[in-house]
Structures are given as structure tokens and as C-alpha cells.
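Fold and contact review
For reference, the chains in residue letters:
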Amino acid sequence: MTSVDKDLDALTLTLIADFEATAERVWDLWADPRKLERWWGPPTHPATMVDHDLTPGGAVTYYMTSPEGEKYHGRWNITAVDVPTSLEFIDTFADSDGKPVDNMPVSTTQMRLSSHDGKTRMELRAVFDTRAQMDQLLGMGMDEGLKQAVGQMDALLA
């Protein structure tokens, strides 16, 4: 991982990671639900992908399981895709049926892959609607969880 930057004025959390792999191989870690399960979420809270449709208008629904067996559901509403270089989605908490939970914070995630110094650079930016939503998600450990999750990608690319 190269950097994690919290910009409280711009309401963004940006993670940058460089990989010794092609953009297509890094993209595949997003596009293949079984591979996505192996890195999305921190190691202590593995993900299970329920639905996985990476097309504009599609959705990804999943849950992460805590060490105690609790399930935390999430949903991505896919807004833009450019294979194999970018993905954008609205990231929400969900109920057990995969429906967004209204009273929880929402962010828009933008993922971009580009060539950088002979490697593939992934820029993952979460954009928040309000400072309160950003503060709530950071208070839940979103930044540390993202670092731990993305930190698992290298092993899958090896």
C-alpha cells in the first residue's frame, strides 16, 4: 500500500496501492466474486458474495462474518464500469435481504487502475455526502478495514 489520505474538507478517503500485476489481473480480483471474497473485508471479517453484477445498474450484495459469527450485510449499486480500468458504486449497509438500510451512512466508491512506474496503481476513493457520514464511517474503522482488506490482494496476485 502506498498511501491512505483522509481529506475532511473534500469529504474523501483515498487509498492508493501499487501491484506487480497487470491491470487485467487486478481487475479480476473485483470481477470474480470468489476472488473478491478472499480480500474484501479485513481478515477477521471474511466476505461472502451473494449477488455479483458489475454492470451499470447492477448490484453486489454481500455479508462479512465476525469472529463471533455476526453477519454484517452490504450492498454496492453499480453506477459506472470501464473494464479493466474503473468501477464506481454507491456503497451502503444492507439488511439480510440485501436491501439498503436507510438510517446508515452511504458513500460513493471510485476505483481506478492505471500504469505507474511499471506497476498497476489502484486508487480507491470513497466520497461522502456529509461530514457526519464520513465521521461515522471512520469511527467504525473504515480506513483501517480498507487497509487490511487491500493488504490481502498481493497474496492473491502472487
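Use the structure listed above.
Residues numbered from 1 in each chain as written. Predicted model: local features only at pLDDT ≥ 70, side-chain atom pairs only at ≥ 80, totals over all residues. Heavy atoms only, no water.

Side note on the overall build of the protein chain
- Scanning the protein chain for helices and strands turns up five helices and eight strands.
- For the protein chain, the sequential pattern of α-helices and β-strands runs β-β-α-α-β-β-β-β-β-β-α-α-α.
- Rg of the C-alpha trace for the protein chain: 15 Å, near the compact-globule value of 15 Å for 158 residues, within the 12% margin.
- Overall, the protein chain is about 45 × 35 × 30 Å in size when its C-alpha atoms are taken along their principal axes.
- Within the protein chain, the proportion of its 158 residues that are buried is 43%.
- By sequence separation, contacts in the protein chain at least 24 residues apart represent 44% of the contacts at least 6 residues apart.
- Carbon and sulfur atoms make up 48% of the accessible area of the protein chain, which amounts to about 8,000 Å² in all.
- For the protein chain, the distance from the average position of its 14 positive side-chain charges to the average position of its 26 negative side-chain charges is 3 Å. (Helix = DSSP H or I, 4+ residues; strand = E, 2+ residues; numbered from the N terminus. Rg over C-alpha atoms; globule rule 2.2 N^0.38 Å. Buried < 20%, exposed > 50% of the residue type's maximum accessible area, 1.4 Å probe, protein only. Contact = heavy atoms within 4.5 Å. Areas by Shrake-Rupley, 256 points an atom, 1.4 Å probe, with all protein chains shown as cover. Lys, Arg positive; Asp, Glu negative; His and termini not counted. Charge placed at Lys NZ, Arg CZ, Asp CG, Glu CD.)

Brief notes about the layout of surface pockets
- Considering only enclosed or pocket space, the largest pocket measures out at about 620 Å³ in volume.
- Around the largest pocket, the lining comprises 26 residues; the ones closest to its centre are Tyr62, Met64, Phe93, Leu137 and Met142.
- Mapped onto the lining of the largest pocket, the elements with two or more residues apiece are strand E4 (59-65), strand E5 (71-82), strand E6 (86-93), strand E7 (107-116), strand E8 (119-128) and helix H4 (142-150).
- By residue number, the principal contributor to the lining of the largest pocket is H4, which donates four residues.
- A breakdown of the residues in the lining of the largest pocket according to their chemical character gives 15 nonpolar, nine polar and two charged. (1 Å grid on protein atoms, 1.4 Å probe; cavity = no way out; pocket = protein on both sides within 12 Å on 5 of 7 lines; lining within 4 Å. Points joined across faces, edges and corners; volume = space filled by probe spheres on them. Nonpolar A, V, L, I, M, F, W, Y, C, P; charged D, E, K, R; others polar.)

Focus on the packing of aromatic side chains
- Per the stated rule, a full pass over the model turns up nine aromatic pairs.
- When the ring of Trp30 is compared with that of Trp40, the centres are 6.0 Å apart and the planes differ by 55°; the resulting orientation is tilted. In this pair, Trp30 is assigned in helix H1 (residues 23-31) and Trp40 in the loop between helix H2 (33-37) and strand E3 (47-52), connecting sequence segments ten residues apart. You'll find Trp30 and Trp40 in the same group, each marked buried.
- Relative to Phe89, the ring of Trp76 lies with its centre 4.1 Å away and its plane at 20°, an arrangement referred to as stacked. You can see Trp76 sitting in strand E5 and its partner Phe89 sitting in strand E6, a full 13 residues away along the chain.
- When its relative accessible area of 0% is taken as the criterion, Phe89 is described as buried.
- Counting every residue linked through ring pairs, the aromatic cluster contains Trp30, Trp39, Trp40, Tyr62, Trp76 and Phe89. (Phe/Tyr/Trp six-rings, centres within 6.5 Å; stacked < 30°, edge-to-face > 60°.)

Points about the side chain of Glu37
- In this fold, Glu37 is placed in helix H2.
- Of note is the side chain of Glu37, whose polar atom sits 2.8 Å from the backbone nitrogen of Met49.
- Leaving out residues up to four positions away in the same chain, Glu37 has contacts with Ala47, Thr48 and Met49. (Polar contact = N/O pair within 3.5 Å; in protein donor to acceptor, adjacent residues only side chain to side chain.)

Notes on the nonpolar core
- With 39 residues, the main nonpolar core has Trp30, Trp39, Trp40, Trp76, Met122, Val150 and Met153 as its most contacted residues.
- Here this core gets five residues from one element, more than from any other, and that element is H1.
- Discounting residues that sit within four places of it in the chain, Trp39 has contacts with Leu29, Trp30, Ala149, Val150, Gln152, Met153 and Leu156. (Core = buried A, V, L, I, M, F, W, Y, C linked by side-chain atoms within 4.5 Å.)

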